[in-house]
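# Residue-level structure breakdown
Here is what each chain is made of, one letter per residue.
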Amino acid sequence: MRAYDRQDLLFQLWEVARLDEVIASEDLDREAVEGILDTADQIATDYFLPVGRQIDEEEPRFVDKRAVLPAPVKPAVDAFVQAGFIAAGFDPAHGGMGLPETVHQAAAFIFAASNVSLAGYGLLTVGAGRLIQSFGTEEQKRRYLAPMVEGRFFGTMCLSEPQAGSSLSDITTRAEPMEDGRYRISGRKMWISGGDHELSENIVHLVLAKIPGGPPGVKGISLFIVPKKREDGSSNDVTLAGLNHKMGYRATTNCALNFGDAGDCVGELLGEPHRGLGYMFQMMNEARIGVGMGATALGQAGYQSSLAYARERPQGRAPGAKDPTTAQVPIVDHADVRRLLLAQKASVEPALALALLCATLVDRERAGDASAAAVLGLLTPIAKSWPSEFCLEANKHAIQVLGGAGYTRDYPVERYYRDNRLNPIHEGTHGIQGLDLLGRKVLIDGGAGLRELSAVIRADIEAAADSELAAPLGQALERLARVTAHLAQAVQSDPERGLANATLYLDCFGHVVMGWMWLRITEAARSVAARDGDSDFLRGKHQAARYFYRRELVRTEHWAEILMDNDQSAFDMAADWF
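From a predicted model like this one, the values you see are computed outputs, not experimental measurements.

Moving on: the overall build of the chain. Per the secondary structure count, the chain includes 18 helices and 10 strands. Scaling as 2.2 N^0.38, a compact globule of 578 residues should have a C-alpha radius of gyration of about 25 Å, and the chain matches this with 24 Å. Pairs at least 24 residues apart make up 75% of the contacts formed inside the chain by residues separated by at least 6 positions. On the chain, roughly 23,900 Å² of surface is accessible, and the fraction owed to carbon and sulfur atoms is 50%. Put simply, the chain has 59 plus and 76 minus side-chain charges, and the middle of one group is 3 Å from the middle of the other.

Using the criterion set out here, one finds 45 salt bridges in the structure. Notably, a salt bridge pairs D466 with R526, separated by 2.9 Å at the nearest N-O pair. Of this pair, D466 sits in the loop between α13 (448-463) and α14 (470-493) while R526 is found in helix α16 (residues 502-532), placing the two residues 60 residues apart along the sequence. On the accessibility criterion, R526 (31% relative accessible area) is partly exposed. Among the salt bridges present, the one from R555 reaches E552, with a minimum N-O distance of 2.9 Å. Taking the relative accessible area as the measure of exposure, R555 reaches 34% and is therefore partly exposed. Taken together, the salt bridges that share partners define one network made up of E139, R142, R143, E231 and E268.

With respect to the helices and strands, the residue V73 is situated in helix α5 (residues 73-82). Along the backbone, V73 and S117 are 44 residues apart, and their C-alpha atoms lie at a distance of 9.2 Å. Dropping the residues within four chain positions of it, V73 is found in contact with I55, L118, Y121, L199 and A251.

This part is about the UniProt feature "domain: Acyl-CoA dehydrogenase/oxidase N-terminal" (unreviewed entry) in the chain. Here the UniProt-annotated "domain: Acyl-CoA dehydrogenase/oxidase N-terminal" (unreviewed entry) positions come out as residues 34-151. Between the end C-alpha atoms of residues 34-151 the distance is 23 Å, and the span holds 68% helix and 5% strand.

Moving on, we get to the pairing of strand β9 (residues 254-259). Along a regular strand, successive side chains alternate from one face of the sheet to the other. Here β9 lies mainly inside the structure; 6 of its 6 residues are buried. Residues N254, A256 and N258 line one face of β9 and the alternating positions C255, L257 and F259 line the opposite face, and both faces are buried. Bridge analysis of strand β5 (residues 183-193) against β9 gives 5 bridges, and the strand direction is antiparallel. The residue of β9 that forms the bridge with K189 is L257.

Attention shifts here to the pairing of strand β3 (residues 153-158). With 6 of 6 residues buried, β3 lies mostly within the body of the structure. Burial along β3 is two-sided: F153, G155 and M157 and F154, T156 and C158, pointing in opposite directions, are all buried. Taken together, the 6 bridges between β3 and strand β6 (residues 202-210) define a ladder with parallel strand orientation. In the strand pairing of β6, C158 is matched with V207.

Each value, and the rule that gives it
Residues numbered from 1 in each chain as written. Predicted model: local features only at pLDDT ≥ 70, side-chain atom pairs only at ≥ 80, totals over all residues. Heavy atoms only, no water. Helix = DSSP H or I, 4+ residues; strand = E, 2+ residues; numbered from the N terminus. Rg over C-alpha atoms; globule rule 2.2 N^0.38 Å. Contact = heavy atoms within 4.5 Å. Areas by Shrake-Rupley, 256 points an atom, 1.4 Å probe, with all protein chains shown as cover. Lys, Arg positive; Asp, Glu negative; His and termini not counted. Charge placed at Lys NZ, Arg CZ, Asp CG, Glu CD. Salt bridge = Lys/Arg side-chain N within 4 Å of Asp/Glu carboxyl O. Buried < 20%, exposed > 50% of the residue type's maximum accessible area, 1.4 Å probe, protein only. UniProt positions renumbered as here; feature names shortened; annotations may be inferred. Pairing = 2+ DSSP bridges.

What follows is the structure in C-alpha cells.
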C-alpha cells in the first residue's frame, strides 16, 4: 500500500491549491502533471518504501574517514536522479525542466512519505543549486550548477559549528584570500546533512566563513563554494571527522566536517563579500518549507499505517455488548481509536494544504507578484514549525492506535515518529522560528505582510459566510490581531521580555492558519459535492474540520489570554532556581 493518500493529494492540488490556475500559462495540463506524479509514485513504491526498515537499522558507517551507506540507498537515489526529480524545478536555461514549484513539492511529498531519509539528498542539492543559480557567476554555474542539475554533483549547506550551533555570529571558520582571487578555507562544521557519501561524483558544500578584517558578527559572514573534490578529481582537503548517530533520518548522513586540516582547502566566493548570511537565508527558507513538507509527509505516513491497522485489527466489542461469544469488532469501531485517527487527519491534511499554498506563492512570486512574496515570508516559519510539532503529535497518536505493537519495529509507525522528531530542530528550532515570526516577520515594513495575509483570510471568510467555520475563524483572526499588536509594542519597548512568549505566539498563529486551511478544504469539498455529488471522502473533510475547530482552534482563546498578559514566569525564572 502507499504511504500517502493519493486521492487526498490530488484533491488538494486541483481543488484546494487550484493548480490549474498555476499552470494556466505553462506548457502543462492535468494529464502531464499526474503523469509526473505517477512516475514519482512508481519510484517511491519500487525503491523508497520497501527499504525503510533496512536502511533505518543498518545506518551509515564511518570507515577510513568516509561514510559507507547501506546498499539500497544508491539504487534508490539513482532512480530519483535519473527520472529528473533534481532537475524538475530548475530553469531550462540551466538544464532543468522548469516545473512549477507546486508540482515539484507534490512529488517531494510522495518521496518524503515513502522514505524521508532518501528524499533528503535531493532536497539539499536543489536548495544549494538554486543558491548558485541566484548568486553565482556564469563560470560557477557552468562548473557547479550544471552538474548539480544533472544529479552528478550533490550539495549541502554548512552553517553550524561545534561551538556555535544556531549562533552564527560566533562561527570561526576562516577564508583567507589567495592571489588568484580564490580563498583558503579552514575550520570545522557540525550537523551537516548529506556532508559525505559516495552517491555522486562530487559534493558541493556551501560554507559560511569569515574573511579576516571583515565586520564583526553576522555582518562579516561570507558564503563560499567549497567542493569536496577539485576538477581533476583530487581531494580539496575536506575531511569527514565523524558521523552523528541520529534517532531518525538515519540514511541521510549527518556529518562533522573539517576544512583545511592540511592547509589546502580552496573555496570560491559566492556573491559579494560579507553578504553570505543574507544569501544563505534563501536556501534556509526553502529548506524550512521543505522540512514542513517532510514533517507533513511523515504525519501522513503514520496516519495511513495506523488507519489500515485499525480497519484490520479485531479487538473487543461495543461497550453495550455483554455476550463474550459474539465476534470481536475492528478497533476502528471504538470511539477512542476514531478520536486518535481523527486527530491525525485533522493535523495532517491542513498541513499539506499549507505546504502546497506556500508552493503556489513561490510560483506567483516568480511570476512577479510582490504580495505573494510578503505572505510567503510571513508563513514560512509556520509552514516549517507547525507540521514539525503537530504532525509529530499525529505520529504519537499513530503509535497509540497500534497499542503495544506500535512501539515495536515490526511496524513502521515508531520509525515515523523517530524520523519526525528531528524536524522541530531541522533548519532552526521551534523556538527560533517563534523569534523569527514575532521578532522579525510580523514587524517587517510596518506589518505589511500581516495585513496582506489577514486580508486574504478575511476574503475567504466572507466568501464562505454560510459555513459553520466562518464565524469562529473570524473571531480567532481578530484575537490574533489584538495579540499581535500588543506583543509588537512589547517587543519594541523591551525585546527580551517582549519575545519571552514567542513560541506560544507561533503556536497560536499556526492554529489560526490551520483553521483557515480547513475553511479552504471544506469549501473545496462543498464545491466538488455540488459538481460531482457527495461522498464519504468529502464528508470526512467536514468532520475532521469540526474536530479541529472544537478541539484545537478553541485553544487559541486560552493562549491569547496568556499572550495578552505576556506571562513572564519563564523569563523571571532564575537559572540558579532550577
